[in-house]
Amino acid sequence: MSTLWLIPALPLAGALLNVLFGNLIGRWAHWIAVPALAGSFLASCAVFARVWDGGSFTSTLFAWIVAGDFETSVVAHVDQLTAVMLLVVTGVGALIHLYSAGYMHDDPGYARYFAYLNLFVFSMTMLVLAGDFLLLYVFWEAVGLCSYLLIGFWYTRPAAAQAGKKAFVVNRVGDFGFGLGVMWLWSALGTLEYRAVFKGVETLSPATATGIALLLFMGACGKSAQLPLHTWLPDAMEGPTPVSALIHAATMVTAGVYMVARSHALFERSGTALEVVAWVGAATAIFAATIGLVQTDIKRVLAYSTVSQLGYMFAAVGLGAYAAGIFHLVTHAFFKALLFLGAGSVIHGMGGEQDLRKMGGLAPRMVTTTITMTIGAAGLAGVPFLAGFFSKDEILAVAFHGQRVMWAILLLGAFLTAFYTFRLLFLAFFGAPRMSKDAAHHVHEAPAVMTLPLTVLAALTVVAGLAVGIPSEHGTPFARFLGPVFPVRGGEHSGFVAYMLVILSVVVVAAGITLAWFVYMSTPVRAEAVGRPRTPLHALLLNAYYVDRLYDAAVVRPLLALSGVLARAFDLGVIDGLVNGLGRAVVAGAVALRRLQTGYVVNYALTMLAGAVVVLAFLLSR
Amino acid sequence: MPTPDIVRALLLELGLAALLLLVFAANLGLRGADRRVVGWIATGGVLVLGFTSFLVAPAPAALGGMFVQDGLAIFAKRLFLGATLIGLLASLGEPEVAFARRAGEYHLLLLSSLLGMLVLASARDVILLFVAFELMSIPLYVLAGFLKRRDEAVEAALKFFLVGSVSSAVMAYGLSFVYGAARSTDLAKVAQAAASGQPLVTLGLLAAFAGFAFKIAAFPFHMWVPDTYEAASTPFVAWLSVAPKAAGFVALFRVYFEGAGERAAAWIPVAAGLATLTIVAGNLMALPQQNTKRLLAYSGIAHIGYMLVGFAAASASGVAMVLFYLVAYVFGNMGAFLVVEAVARTEGSESTAALRGLAQRSPLLALAMLLFLLSLGGVPFVAGFWAKLYVFWAAATVGLYWLVLLGAVLTVVALFYYLLVAKRMYIEPPERTGRVRLSPTLAAAVLLCVAGVLVLGVYPKPLVMAALRVAAPLF
């Protein structure tokens, strides 16, 4: 008996328990949610061991609808990619669950929070386990729902409710395309099962493959916050910070990257689609990084950074370096979750303050947070020998050999990344404190239940790259492990060019950090000078290129106007008129029929007789 | 000399007969006005028989081929026993004095009727079929008038008896034609005669159809239903609304489909026509009802129409889907009646108005009722959804698209009146405060129904497979 089913079943059971008995469980909710995740992680380890030697398998989790020949079963497909994703989702998920027990401690919706969080992990593991596109689509929507619920977790705050709605609606736009892509796939191949689809893509014309792949990618753009559907992710920071770490940094938003990597056969058949993926990724990487330069909210800096890093992953998979994209996904999950949780620790320690301008000088008061955050920032920036260094250089090397222009863009992005990351670090932890005396007095380090996950994630950020990311003639050990899923690429890491590339990227990163030092450390920072638009360019960046305003004017308002007209004129007049008319006709019929029930037994017998005669006459007349 | 073979085939019937004797003896032995112990004996016995029915395996035909213990029979018997268990559990806590004083009478009659059903499910002979049918029916007439001090109950029982006799007479008349033409009472021979197209056999079977239609309460043979349901005691009605109808359907399958092969298709127009009339009439007449029991009575007629849709498919999958529908209907319909009973016990009223604000008074009971209503209405992820989907699917595979369309449209009407009841529970304010108290046995019965509705709604597959398995050999 396989333990596979435990991976989704434990979080689901935890979610159900906390939903149904939340009132009774109350403050004890984490005693259900955290062990559920720990168990799920252990089961994932067992699954990982099963595919260690390169095998893969499918397993029916649940046979659901049966109607004659039509049968729908929940079938899991497990290979190396699945196993890696499962480990990330349940491992990072377990750490963040543990952290949440401290962070959400005083929240009145404690049980509800853990119920949603468990439900999310259930949906995410099912998304990863899915063996066909239909199931993928179902749980693609399910994680979206959980994201909506958790962004709007503090639903009494208008901003949170608004952000949840925005995330949902923007995701719908992408999912609309995703759904169409799945349907087109079905009508073109007659199956949605992964292996059959990827075997069958050869029979598709490149044009069809491009159409399907681009529609699927539309869904990925929504879920993974790529241009032009990126606007929801920064707003999603209204949710609790551990949620931002788990859903909007480490796991859910990477579902798009996973999906493209999973369907690489389809995207390769098209070719054009792969190019689109790469360019959208590169454009998003630089676009979001520039916005991240000027943000003043600690979580929004990290949010734009996430959008930017997701762009790197898409650039990698778009260039055909799937293993490199997935490797960056994994390392990013570690250091970005770490950064978010560290930011959460800061927010927690400062009593809810998120504004970088009101921080500064936190280091002596929050030692563990400062050290771990510094490791996380160094990992994100790409400081040598940390996880992000290996995974980002892998992508840069691929780009150098594939698309020089894209390489230049991504290299510039790396410079910006190093700058905004250390800007955040310097503004928050170093220099002179800029908060009020009273606030400074209350700053405190987080409890152990929160610093333990920080420490573990920091350790992972330090060792992950060294352990599996050192490139060789035959690719990285990580890529070799994923070999059964993605063909191993090699050759980009040899010789003089490779060394020069590494040195160049180290120089760029060092330049970014140094610039941040000069701007934010060498001279004392004045709070009012940060975040005030000084030049038109600065204003443009501060307002995130005015994309939100553009969407509001071009899409949201016209749609609202149109729906207002439809609601008043068409719906009330035509549709309701029809429905009410039908209803009246039905009621009139009912009143007429009711007269049949006279209460006289003679009439009853007579109707029966009449019925029998009619039936007889009908049959004999044929 | 009874051979072990006969014992094997008749195990459940023999067990039930022994239980009947036990109940009879216990009733004689008891003194005093409170004889509810008899009810416990009967309930326990049915529970044991219910478990036994899951150990019974198909056995070779007994009594010279008259009695078959095949998959269909065992499936049906489990259904009867399960429904009876729920019905008995619910009636155990009846506060009415008659149920304590005359418990022996009530349970003897009910178990006799159950014996009729068990035999009916296995009957492969016209005579045995008819006798079993009457054994099932006659106690029902008496039970309908069990509360003999209530004038309406007596009136309803009498009406039920009179029209029931007429239908039995028509059925016996039709079966006599069948015997005359087929020269045998063996249903296998009858099927051969019908397959050869003898008009007298067809005529006889058609007349018999009227009798069956009365028992399952298809339009226009349904008139007894609302009056009887309204007047008789609710736990009995809950049982009456499902078990005898299931028995009627099993008999229909035996007589009209088993061994008929291709000729089974001859019944499609009749069944489809009856289904149309029954769905339309049942749903429309349910609309204006203010008494919840009457509403459920008419909606139950509509459900029979939906089952006739599956019957009209005249195929193995059609039969299987009707069987699935019957099981879903047992849980949904009995559950709804039992909630009405629970409310009536505290409120003294069976009108839909008595359900006002139930969600505020007893949220769990209101939730249970909502689940039953949704199941009856055919909303996804409760049992009734699959039931409707499956019968529609079976009908669509034989090309009865118009019937499916009609059924689907009338489902909307049904949802309207079901949700009106839900609205009373959830939106309208309560007239009184305080919880609705349930006796533990009634609560257990409701809980069984909730479990059934939910489990079948989430995971219908095993039951569907079982139904397909037992239905396959009919054709």
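Along each chain, numbering runs from 1 in the same order as the chain's sequence is written. Whichever chain is written first becomes A and whichever ligand is written first becomes 1, with later ones labelled in order. Where local features are concerned, this predicted model is filtered to residues with pLDDT of at least 70; where side-chain atom pairs are given and counted, the filter is 80 or more; whole-chain, interface and lining totals use all residues. Hydrogens and waters are ignored; side-chain quantities use all the structure's heavy atoms.

A. The arrangement of the overall build of chain B in detail. Helix and strand definitions here come from DSSP, where helices need a minimum of 4 consecutive H or I residues and strands a minimum of 2 consecutive E residues; each element is numbered from the N-terminal end. Each helix and strand in chain B was counted, giving 22 helices and two strands. Taken over 475 residues, chain B has a buried fraction of 64%. For this analysis, residues touch if any pair of their heavy atoms sits within 4.5 Å. Taking the contacts inside chain B whose residues are at least 6 apart along the sequence as the reference set, 80% of them involve residues at least 24 apart. Approximately 16100 Å² of chain B is accessible, and the part contributed by carbon and sulfur atoms is 70%. Using a 1.4 Å probe on the protein chains alone, a residue whose accessible area is under 20% of its type maximum counts as buried, one over 50% counts as exposed, and one in between counts as partly exposed. Surface accessibility follows the Shrake-Rupley procedure with a 1.4 Å probe radius. Residue values consider only the protein chains on display as shielding.

B. View of the interface of chain A and chain B. The interface of chain A with chain B comprises 31 residues on the first partner and 40 residues on the second. Buried area: the accessible surface (1.4 Å probe) lost by two parts on joining, summed over both. Buried surface at the junction of chain A and chain B, both sides included, amounts to about 3100 Å², of which 80% is carbon and sulfur. Salt bridges are defined by distance alone: a side-chain nitrogen of Lys or Arg within 4 Å of a carboxyl oxygen of Asp or Glu. Taken together, chain A and chain B are joined by zero salt bridges. Mapped onto the side of chain A that touches chain B, the elements with two or more residues apiece are β1 (57-67), α25 (547-594) and α26 (601-620) of chain A. Looking at the side of chain A that touches chain B element by element, the count peaks at 12 residues for α26(A). In this classification, the charged set is Asp, Glu, Lys and Arg, the nonpolar set is Ala, Val, Leu, Ile, Met, Phe, Trp, Tyr, Cys and Pro, and all remaining amino acids, among them Gly, are polar. Within the side of chain A that touches chain B, the residues separate by chemical class into 21 nonpolar, six polar and four charged.

C. Here's a closer look at the pairing of strand β1 (residues 59-62) of chain B. Residues and elements named next belong to chain B. When DSSP finds two or more bridges between two strands, those strands count as paired. Two elements, β1 and strand β2 (residues 67-69), share two bridges in a ladder whose sense is antiparallel. Across the sheet, residue A59 finds its bridge partner in β2, namely Q69. In sequence, β1 turns back onto β2 through a hairpin of four residues, with L63 there showing a positive phi of about 55 degrees.

D. Spotlight on the confidence of the model for chain B. Here chain B averages 88 in pLDDT, and 99% of its residues register 70 or above. Prediction confidence for the complex, expressed as pTM and ipTM, is 0.70 and 0.70 respectively. One confidence number per residue, pLDDT, is output by the predictor and ranges from 0 to 100.

E. Structural view of the packing of helix α7 (residues 126-144) of chain B against helix α13 (residues 243-257) of chain B. Residues and elements named next belong to chain B. Note on geometry: axes are C-alpha line fits, over the in-contact stretch for helices, and angles between N-to-C directions span 0 to 180 degrees. Contact geometry for α7 and α13: axes closest at 12 Å, N-to-C directions at 165 degrees. Classified by the interaxial angle, the pair formed by α7 and α13 is roughly antiparallel. Handedness of the crossing formed by α7 with α13: left-handed. In this structure, α7 contributes L129, F133, M136 and L140 to the contact, and α13 contributes P244, A247, A251 and V255. Looking at the contact of α7 with α13 residue by residue, the classes come out as eight nonpolar, no polar and no charged. Under this scheme an angle from 65 to 115 degrees is roughly perpendicular, one under 35 degrees roughly parallel, and one over 145 degrees roughly antiparallel; angles in between are oblique. Should the near helix be turned counterclockwise from the far one by less than a right angle, the crossing is left-handed, whereas a clockwise turn marks it as right-handed.

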